[in-house]
Amino acid sequence: MSTESPSNGTPQGATARVEDVLLGGTVFFKVEETIFEAPQYRFTEYSEVFADMFRLPQVEDGRDAVNVEGRSKGHPIVLEGYKACDFAALIKVLYPTPKDMMTGAYTLTKDEWVGVLDLSTRWQMKMMREYAITKLSNLSLSSVEKVTLARAHKVAKWLKEGLSEIVTQEETLEPDELKSYLGLETAFRLVWIQIQSLRRAQVPSNTPITLKSLGCPGGHVEETIFEVPQYRFTEYSEVFADMFHMPQGAGDAEDVEGRRRDRPIVLEGYKAADFAAIVKVLYPAPKDMIAGSYNLTKDEWVGVLDLSTRWQMKMTREHAIVKLSDLSLSPFEKVTLARAHKVVKWLKEGLNEIVTQEEALKPDELKAHVGLETAFRLMWIQIQSLKRSQVASGPRITLGSLGCYNGHAVFTGPRNCKGCSREISIGDPEAMYVDPSSTGTFKYGNTGTEPGSIMSLANLRCKNCSSKPLSCTLYGSPNTNTDTVHVEEVFKEEIASYESWNK
């Protein structure tokens, strides 16, 4: 028999296969409750995971090939932890229809492309993954979507784009929204970056951010024995008053706890230095009276504040707060001490001072001082203040920003320039400017209810025709109805808890 090859190069008696369309036959998958039947070859060709799996021996000696997993509908390959809709979307991409080819595009929704990206990433389908990324990039992903998808599917491009967009966008999400979308650590670092950018772009502004028994009981503290008169503890502390009013027992009075040096009241969990400091305050020496003040260090006053708070010595506590306030506490000391000892005044002052200080700490320093949650919320407040200040100090004026002398909005809708009839929308910052030759200067960023400055609306000019755009000579001032973000609002729950405790 001749074995010469015909002109097409296929040996006589052999079967010519037009590409490897049927390579590997049909394979069955079960995803959730759906059975999928598809040619095997595309999974082998495009996925390293499936290529390795299908190279494994499929039939054992004496075993019917039909019963091999994936070879029949009754024995599918079960894919646990995957979604049927995602698998269906991937099938559409792996096996395009003639219609797809003729139109030159797949007809998949955004959710379907996300499903394709997920599966192609997990199954090492590099070409499919890159294509899904391209298609999703063309679907106008939001900045938050980019960050979320980038982290779920390891897409560096989207991570950089999304984070950069969030940092530079005009509107800032509320703190809880940022946290829920991005996580606390990322949200904090983004607002810190945004603050640095706003600081660099900010024109200096002069407007600050405003917030608006007698006997001698003995006590054993650490390894120190203290012997002091009882009456001041009874008089100034509700805790000790209740304790000393309790029945002491019918035995020998000398055996009662606290009556002898060898039977002291043991105060566990307290420092001897703090107890010594509060003894100085409860039993002032004549020299203290002559000098008109106690001679205690900052650390001693902190100790007095700690014990007076824990032992309900209200007068002593208030005095310690006053003395410490006079010792120039740093903003971080105020916040730390406020939280340790429930001092509302210091919490408000410290948080506001951190928000308004000129020099910004590095993220890790700020976290170390006040904790991640507080650092994030402070940075968020600072962003709102810087954005308002940035707008305030620039020449960008909108109809909506103009108010009457009392701060109420003058315009609630668009107007047409009386010179060129061009419509000026309520929020367009590029439509008008202040005549540089005018005597009045328009400024934002007022405190209280009085405007920082006013101007005649006749001093405004249309950027399109340079004529007066408004047919009025009223005086305008910044619209102070714009919401202002304060520490008291963002930290209201914590402040309220301290206020209720003090009552």
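Procedures and definitions
Residues numbered from 1 in each chain as written. Predicted model: local features only at pLDDT ≥ 70, side-chain atom pairs only at ≥ 80, totals over all residues. Heavy atoms only, no water. Salt bridge = Lys/Arg side-chain N within 4 Å of Asp/Glu carboxyl O. Helix = DSSP H or I, 4+ residues; strand = E, 2+ residues; numbered from the N terminus. Buried < 20%, exposed > 50% of the residue type's maximum accessible area, 1.4 Å probe, protein only. Pairing = 2+ DSSP bridges. Axes fitted to C-alpha atoms, helices over the stretch in contact; angles between N-to-C directions. Expected span 1.5 Å × (residues − 1). Contact = heavy atoms within 4.5 Å. Phe/Tyr/Trp six-rings, centres within 6.5 Å; stacked < 30°, edge-to-face > 60°. pLDDT = per-residue confidence, 0-100. Core = buried A, V, L, I, M, F, W, Y, C linked by side-chain atoms within 4.5 Å. Parallel < 35°, antiparallel > 145°, perpendicular 65-115°, else oblique. Nonpolar A, V, L, I, M, F, W, Y, C, P; charged D, E, K, R; others polar.

- Naming follows an unreviewed UniProt entry, where the protein chain appears as BTB domain-containing protein of Candolleomyces eurysporus.

### A word on the pattern of salt bridges
Then, number 1: Per the stated rule, a full pass over the model turns up 12 salt bridges.
Then, number 2: For Lys 334, the salt bridge goes to Glu 349, with nearest N and O atoms at 3.1 Å. Residue Lys 334 is located in helix 17 (residues 331–341), and its partner Glu 349 is located in helix 18 (residues 344–356); the two are separated by 15 residues in the primary sequence.
Then, number 3: Classification of Lys 334 as buried rests on a relative accessible area of 11%.
Then, number 4: Lys 345 serves as the salt-bridge partner of Glu 349, at 3.7 Å between the closest nitrogen and oxygen. Of this pair, Glu 349 and Lys 345 both sit in helix 18, separated by four residues, roughly a single helical turn.
Then, number 5: Bridged by salt links that share partners, the residues Lys 334, Lys 345, Glu 349 and Glu 353 form one connected network.

### Describing the sheet that holds strand 3 (residues 77–79)
Two pairing modes exist for strands in a sheet, parallel and antiparallel, and in both the strands are linked by backbone hydrogen bonds.
Then, number 1: Read from one edge of the open sheet, three strands run 2-1-3, paired in mixed fashion. If you trace the sheet from one side to the other, it starts and ends with strand 2 (34–39) and strand 3, each paired once. On average, adjacent strands in this sheet sit at an angle of 30 degrees to one another, irrespective of strand direction.
Then, number 2: Two strands pair when backbone bridges link them, and strand 1 (residues 26–31) and strand 2 are joined in this way by six bridges, in the antiparallel orientation.

### Points about helix 5 (residues 110–122)
Then, number 1: Its 13 residues give helix 5 an end-to-end C-alpha distance of 19 Å, which sits within 8% of 18 Å, the value for a rise of 1.5 Å per residue.
Then, number 2: Looking at helix 5, one finds that the buried residues are Glu 112, Trp 113, Gly 115, Val 116, Leu 117, Asp 118, Leu 119 and Ser 120.
Then, number 3: Of the residues trailing helix 5, Gln 124 is marked for its positive phi of about 55 degrees.

### Some details on the environment of Lys 154
Then, number 1: Note on placement: Lys 154 falls in the loop between helix 7 (143–153) and helix 8 (156–168).
Then, number 2: For Lys 154, the residues in contact, after removing those within four places along its chain, are Arg 129 and Leu 149.

### Overview of the packing of aromatic side chains
Then, number 1: This structure, assessed with the given rule, holds 23 aromatic pairs.
Then, number 2: An angle of 70 degrees between the planes, with centres 5.1 Å apart, marks the rings of Phe 233 and Phe 240 as edge-to-face.
Then, number 3: Accessibility expressed as a relative area gives 4% for Phe 233, which makes it buried.
Then, number 4: Centre to centre, the rings of Phe 233 and Tyr 283 are 6.4 Å apart; their planes meet at 45 degrees, and the pair counts as tilted. Residue Phe 233 is located in helix 11 (residues 231–236), and its partner Tyr 283 is located in the loop between helix 13 (272–282) and helix 14 (286–291); the two are separated by 50 residues in the primary sequence.

### So, the confidence of the model for the protein chain
Detailed reading of the predicted coordinates is not advisable wherever pLDDT is low.
Then, number 1: Looking at the protein chain, pLDDT values average 73 and 66% of them are 70 or higher.
Then, number 2: Helix 5 holds the highest mean pLDDT among the elements of the protein chain, 94, whereas strand 13 (residues 475–478) holds the lowest, 48.

### Some remarks on the nonpolar core
Then, number 1: By size, the foremost hydrophobic cluster in this structure holds 42 residues, and its most contacted members are Phe 233, Phe 275, Val 304, Trp 311 and Trp 346.
Then, number 2: Counting residues per element, this core draws most heavily on helix 13, which supplies seven residues.
Then, number 3: In terms of nonpolar packing, the next biggest core, distinct from the first, is built from 37 residues, Ile 77, Tyr 82, Val 155 and Trp 158 among them.

### So, the packing of helix 3 (residues 84–94) against helix 5
Then, number 1: Axis separation between helix 3 and helix 5 bottoms out at 8 Å; the angle between their running directions is 85 degrees. Classified by the interaxial angle, the pair formed by helix 3 and helix 5 is roughly perpendicular. Residue-level inspection shows Asp 86, Phe 87, Ala 89, Leu 90, Lys 92 and Val 93 of helix 3 in contact with helix 5, the latter providing Glu 112, Trp 113, Gly 115, Val 116, Asp 118 and Leu 119.
Then, number 2: Per-class residue counts for the contact of helix 3 with helix 5 are seven nonpolar, one polar and four charged.

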